[in-house]
Amino acid sequence: MCQGRTRVGRRRLVSSKEAAILLGIATDEDSLIRHFTLDPADRLECELRRRPQNKLGFAMQLCTMCQTGRLLWDNEQPPAAVINYLADQLGIDARLHAFYAHRVQTRFDHSRRL
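Along each chain, residues carry numbers from 1 onward, in the same order as the chain's sequence is written. Whole-chain, interface and lining totals are the exception, using all residues; otherwise, since this is a predicted model, local features are given only for residues with pLDDT of at least 70 and side-chain atom pairs are given and counted only at 80 or more. Side-chain numbers here rest on the full set of heavy atoms in the structure, without hydrogens or water.

Comment: elements are numbered from the N terminus, with helices defined as DSSP H or I runs of at least four residues and strands as E runs of at least two. Counting its regular elements, the chain contains six helices and zero strands. Reading the chain from its N end, one meets helices and strands in the order α-α-α-α-α-α. Each of the 114 residues in the chain was classed as buried or not, and the buried ones make up 34%. When checking whether two residues touch, look at their non-hydrogen atoms; a contact exists if any pair is within 4.5 Å. Considering only residue pairs separated by 6 or more positions, the chain has 69% of its internal contacts joining residues 24 or more positions apart. Using the Shrake-Rupley algorithm and a 1.4 Å probe, accessible areas are obtained, with residue cover drawn only from the displayed protein chains. Accessible area for the chain stands at about 8,100 Å²; split by element, carbon and sulfur atoms hold 52% of it. Burial classes follow relative accessibility: with a 1.4 Å probe on protein chains only, a residue under 20% of its type's maximum area counts as buried, one over 50% as exposed, and anything between as partly exposed.

Structure follows, in structure tokens:
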């Protein structure tokens, strides 16, 4: 007891499994089509980036934010299915995603724009 009050233990609002479902990036076909299909305005926004890896990375951040309500965490590796789906739409080699945001300023600029 603390000054006449009973201490209440901390409870998790959601389990780690529930958090993964809520904050995770879905990769089933319906989710890819619904959340990761770029419309013309999205494509234009991606094309404004100079390097192909930054176009792809920006698209990944944009679509992740639309689906989950958050940006990718530092060092978070998005699912390969999502990278491939976006790369096909942009006509970019999916392997270039590995070079996205090696400059911290790039990720900061993209997050600020989004």
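It is worth spelling out the pattern of salt bridges at this point. The term salt bridge refers to a side-chain nitrogen of Lys or Arg lying within 4 Å of a carboxyl oxygen of Asp or Glu. Counted under the stated rule, the structure contains seven salt bridges. A salt bridge links Arg49 to Glu45; the nearest nitrogen and oxygen atoms lie 2.9 Å apart. An identical accessibility class is assigned to Arg49 and Glu45; each is buried. The closest approach of N and O atoms between Arg107 and Asp74, which form a salt bridge, is 3.8 Å. Of the two residues, Arg107 sits in helix 6 (residues 104-113) while Asp74 sits in the loop between helix 4 (52-68) and helix 5 (80-90), which places them 33 residues apart along the sequence. Assessed through its relative accessible area of 60%, Asp74 is described here as exposed. The structure contains a network of salt bridges with shared partners spanning Glu45, Arg49 and Arg113.

Here the term cavity refers to a set of points on a 1 Å grid, laid over the protein atoms alone, in which a 1.4 Å probe fits but cannot get out; the term pocket refers to an open set having protein on both sides within 12 Å along at least five of seven lines, with lining residues being those that place an atom within 4 Å of a point. Grid points are joined across faces, edges and corners, and a volume is the space filled by probe spheres set on the points. Here the largest pocket is characterised by a volume of approximately 220 Å³. What lines the largest pocket is a set of 13 residues, and nearest its centre among them are Asn75, Glu76, Tyr100, Ala101 and Arg107. Residues of the lining of the largest pocket, tallied by class, amount to six nonpolar, three polar and four charged. In this structure, the second largest pocket occupies an estimated 160 Å³ of space. Around the second largest pocket, the lining residues are Arg49, Arg50, Arg51, Asn54, Arg103, Thr106, Asp109 and His110. Per element, the largest residue contribution to the lining of the second largest pocket is three residues, and it comes from helix 6. Nonpolar residues are Ala, Val, Leu, Ile, Met, Phe, Trp, Tyr, Cys and Pro. Charged residues are Asp, Glu, Lys and Arg, and all others, Gly as well, are polar. Classifying every residue of the lining of the second largest pocket by side-chain character gives no nonpolar, three polar and five charged.

Here we take up the packing of aromatic side chains. Classification of ring pairs uses Phe, Tyr and Trp, with its six-membered ring standing for Trp, and accepts pairs whose centres are within 6.5 Å; under 30 degrees between planes counts as stacked, over 60 as edge-to-face, and the remaining range as tilted. Counted according to the given criterion, the structure contains zero aromatic pairs. Lysine NZ or arginine CZ positioned within 6 Å of the ring centre and within 35 degrees of the ring normal marks a charge as sitting over the ring. The positively charged end of Arg49 is found above the aromatic ring belonging to Phe58, 4.0 Å away from the centroid. Above the plane of the ring of Trp73 lies Arg70, whose end atom (NZ or CZ) is 3.7 Å from the centre.

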